[in-house]
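This is what each chain is made of:
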Amino acid sequence: MKSELYEISKRAPPLHRLRRLRKSESLRLLLKETRLSSLDFMYPIFVDERLSEPEEISSMPGICRHPLGRLNDEISQVIALQIPAVLLFGLPMRKDARGSEAYASEGVVQRAVREVKKAAPQLTVATDVCLCQYTDHGHCGVVHNGNVDNDESLELLSRTAISHAEAGADMVGPSAMMDGQVGAIRRALDERGLDDTLIMSYSAKFASGFYGPFREAAESAPMWGDRHSYQMGFPNRREAMREIEFDVKEGADIVMVKPALSYLDIIRDARTQFRLPLAAYNVSGEYSMIKAAGLKGWLDEKRAALEVLTAIKRAGASIIISYFAKEAARWLKEAQQ
Ligand code: PBG
């Protein structure tokens, strides 16, 4: 016996049946609006001058710090998986108040850049330009009386960018959130004839709880205080657009929103308001929380990771910087077979 309500609904059937669009796997594939590919990814690599063997980062399962002279294996995997770019971070032998290893011509990143470029000249090599891994206080610039001095830091960030570019980096990524850093670096590079080096600016970088595992990995946590006087506050959406706007005016080639997952609205805003290529950084904590839940059996790591990465692309990012890059590239390859 059909109920009376069923009879009523029969008289006015749905006009639009979107389920038609989802009725088979081939149709679903055909109609997919966002296609994630290994070509969307940039893979971060940590290089540690103090190591002779790779060492796994305990809070980031599957991710290692690598010794100099031993990057070939990582680079050949990246190339085999058709990931077009890497982003290098360094851990130096020594730290001091002015982060001098950040801009030493034989510093860890400078040597790593030469090594990677020699192994794979076709791979795009980007570098993180910041002082926090190199200063003994762990802040991203020069400190005077407990304050991070903006303009004095610009000189050191420019020196760092020049030394990376001279080592052969294709792209430098200023991430210190100092005002005017993009303009200062652009002028410094151009004056030395390094006008071919791209600047990918960490434009809207928020002071985030999701950087925790990275700070363990890079030993870059501030010794005192926090980064709230230079990194952005997460409640602020309009201010993020101002940060990006000034970086565009100062000559950035690519702008970035970081982190990604809690900032999809910022990525979308940036995509609609600016025409530059847009990068989004799927940061360490975003990686670790999926890994941890996956290891505990609380969620399916592969499904969750691909969902997050696709969402970042759907929001409008053209480059996704992610620790999942290699694994995701493998999963995507399997899915095509
Ligand atoms: C350096 C820097 C940080 C990250 C990238 N570059 C850490 C920070 O600002 O403390 C975070 C990356 C990640 O969490 O994956 N300034």
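Everything here concerns the structure above.
Residues numbered from 1 in each chain as written. Predicted model: local features only at pLDDT ≥ 70, side-chain atom pairs only at ≥ 80, totals over all residues. Heavy atoms only, no water.

Enquirer: Any chance you could explain helix H6 (residues 181-191) here in plain terms?
Expert: Residues spaced three or four apart along an α-helix face the same direction, because each turn holds 3.6 residues. In terms of residue burial, H6 counts as a mostly covered element, since 8 of its 11 residues are buried. All of the buried residues in H6 are Gln181, Val182, Gly183, Ala184, Ile185, Arg186, Ala188 and Leu189. Here the buried face of H6 lies against strand S5 (124-129), helix H5 (150-167), strand S8 (171-174), strand S9 (198-205) and helix H8 (238-250). Positive backbone phi, approximately 75 degrees, marks Gly193, located one or two places after H6. (Buried < 20%, exposed > 50% of the residue type's maximum accessible area, 1.4 Å probe, protein only. Helix = DSSP H or I, 4+ residues; strand = E, 2+ residues; numbered from the N terminus. Contact = heavy atoms within 4.5 Å.)

Enquirer: How do you make sense of the pairing of S5 when you look at a structure like this?
Expert: Within a regular beta strand, the side chains point alternately toward one face of the sheet and then the other, so they alternate between its two faces. Counting buried positions along S5 gives 5 out of 6 residues, so the element sits mostly inside the fold. The sheet contact formed by strand S4 (residues 85-91) and S5 spans 4 bridges and is parallel. Following the sheet pairing, Val86 is matched in S5 by Val125. Between the parallel pair S4 and S5, the chain is carried across by helix H4 (residues 108-119), and the sense of this crossover is right-handed. Both S5 and S8 contribute to a ladder of 4 bridges, which runs parallel. Each bridged residue has a counterpart across the sheet, and for Asp128 the counterpart in S8 is Gly173. (Pairing = 2+ DSSP bridges. Right-handed = clockwise from strand over helix to strand, strands pointing away.)

Enquirer: What's the story with a positive patch on the surface in this structure? I'm lost.
Expert: Taken together, the side chains of Lys2, Lys10, Arg17, Arg19, Arg20, Arg22 and Lys23 define a basic patch exposed on the protein surface. The residue Arg22 is located in the loop between helix H1 (4-11) and helix H2 (25-30) in this model. Judged by relative accessible area, Arg22 falls into the partly exposed class, the value being 48%. (Patch = residues over 30% accessible without salt bridge, like charges linked within 9 Å, V, L, I, M, F, W, Y side chains within 5 Å. Areas by Shrake-Rupley, 256 points an atom, 1.4 Å probe, with all protein chains shown as cover. Salt bridge = Lys/Arg side-chain N within 4 Å of Asp/Glu carboxyl O. Lys, Arg positive; Asp, Glu negative; His and termini not counted. Charge placed at Lys NZ, Arg CZ, Asp CG, Glu CD.)

Enquirer: Explanation requested: the packing of aromatic side chains in the structure shown.
Expert: Each pair of aromatic rings is reported with the distance of its centres and the angle of its planes. All chains considered together, the criterion is met by 10 aromatic pairs. Taking the centre distance of 5.1 Å and the plane angle of 75 degrees together, the rings of Phe89 and Phe214 count as edge-to-face. A residue pair is termed long-range when its members are at least 10 positions apart, and Phe89 in strand S4 and Phe214 in helix H7 (residues 212-218) qualify at 125 residues. Using a relative accessible area of 3% as the deciding quantity, one classes Phe89 as buried. A centroid spacing of 6.2 Å and a plane angle of 45 degrees characterise the contact between Tyr202 and Tyr281, whose relative ring orientation is tilted. Of this pair, Tyr202 sits in strand S9 while Tyr281 is found in strand S11 (residues 278-282), placing the two residues 79 residues apart along the sequence. Looking at Tyr202, the relative accessible area reads 1%, which means it is buried. A relative accessible area of 1% means that Tyr281 is categorised as buried. (Phe/Tyr/Trp six-rings, centres within 6.5 Å; stacked < 30°, edge-to-face > 60°.)

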